[in-house]
Amino acid sequence: LGALSLLVLLGAVLRWWAAGQDLYADEVATYWDVSTTDLPGLIRLVSSTAEITPPLGFVLSWLTTQPDLSVETLRLPSLVAGVASIPLVYAVGVRTVGRGAGLLASALTTFSPFMIFYSIEARPYAVMTAMVLLSTLSMLKAIDGGRKRWWAAYAAFICLAAYAHYTAAFVLAAQFAWVLVTQARARWPA
């Protein structure tokens, strides 16, 4: 766990260092959406044709900017989710292919330019990634143990992933298909 802790620390430092950059592209829309309305107004705005992304990322950004509206607080949900993805990737790796591969995958996640970029972007991609990883872990634990609480956690995380970004549906469909095809005793609970 020492190597994983070091990777998480390095990932946090890299992401925090990069998070202070100016807003660009779609982040400006997030800033505008979050800074110009209250929470009910934000949900109405996101539900309209003004924004084509589900509300979870916007709600999280709105919440984190309430004490202080800054670039860093706007990006905080993505930053936290991006750093959390490092040990989550490790945990999925350990459950599926072993500790060595899990550590390698978490190292790739730590230093991946794409993962760093999405971890500091004020958009919901990193949040979606963390929710998909949590749904994967919950699904694997539910299959192994068959406990209802893990199936409930799986249901919660797939809902949160879908509320973060619509593209989560592709991964969630693949998870469900995998269970249906390879896990006969888990078909009904899934």
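My aim in this report is to walk through the structure given alongside it, one point at a time. For clarity, every value in this text was computed on a predicted model and none was experimentally measured.

### Details of the packing of helix H9 (residues 148-164) against helix H10 (residues 168-182)
When two helices pack together, their arrangement is given by the angle between their axes and by how far apart the axes lie. Where H9 meets H10, the axes come as close as 9 Å, and the angle between the chain directions of the two elements is 155 degrees. Our classification of the angle between H9 and H10 gives roughly antiparallel. As for how H9 packs across H10, the hand of that crossing is left-handed. Across from Tyr 154, Ile 158, Ala 161 and Ala 162 in H9, the residues of H10 making contact are Ala 168, Leu 172, Gln 175 and Phe 176. When the residues that make up the contact of H9 with H10 are grouped by side-chain class, the tally is seven nonpolar, one polar and no charged.

### Considering the side chain of Thr 65
Tracing the backbone through its elements, the reader meets Thr 65 in the loop between helix H4 (56-64) and helix H5 (71-96). Judged by its relative accessible area of 5%, Thr 65 falls in the buried class. Of note is the side chain of Thr 65, whose polar atom sits 3.0 Å from the backbone oxygen of Trp 62. Beyond its immediate sequence surroundings of up to four residues, Thr 65 is in contact with Val 34, Thr 73 and Leu 74.

Rules of the game
- Residues numbered from 1 in each chain as written.
- Predicted model: local features only at pLDDT ≥ 70, side-chain atom pairs only at ≥ 80, totals over all residues.
- Heavy atoms only, no water.
- Axes fitted to C-alpha atoms, helices over the stretch in contact; angles between N-to-C directions.
- Helix = DSSP H or I, 4+ residues; strand = E, 2+ residues; numbered from the N terminus.
- Parallel < 35°, antiparallel > 145°, perpendicular 65-115°, else oblique.
- Left-handed = near helix turned anticlockwise from the far one by under 90°.
- Contact = heavy atoms within 4.5 Å.
- Nonpolar A, V, L, I, M, F, W, Y, C, P; charged D, E, K, R; others polar.
- Buried < 20%, exposed > 50% of the residue type's maximum accessible area, 1.4 Å probe, protein only.
- Polar contact = N/O pair within 3.5 Å; in protein donor to acceptor, adjacent residues only side chain to side chain.

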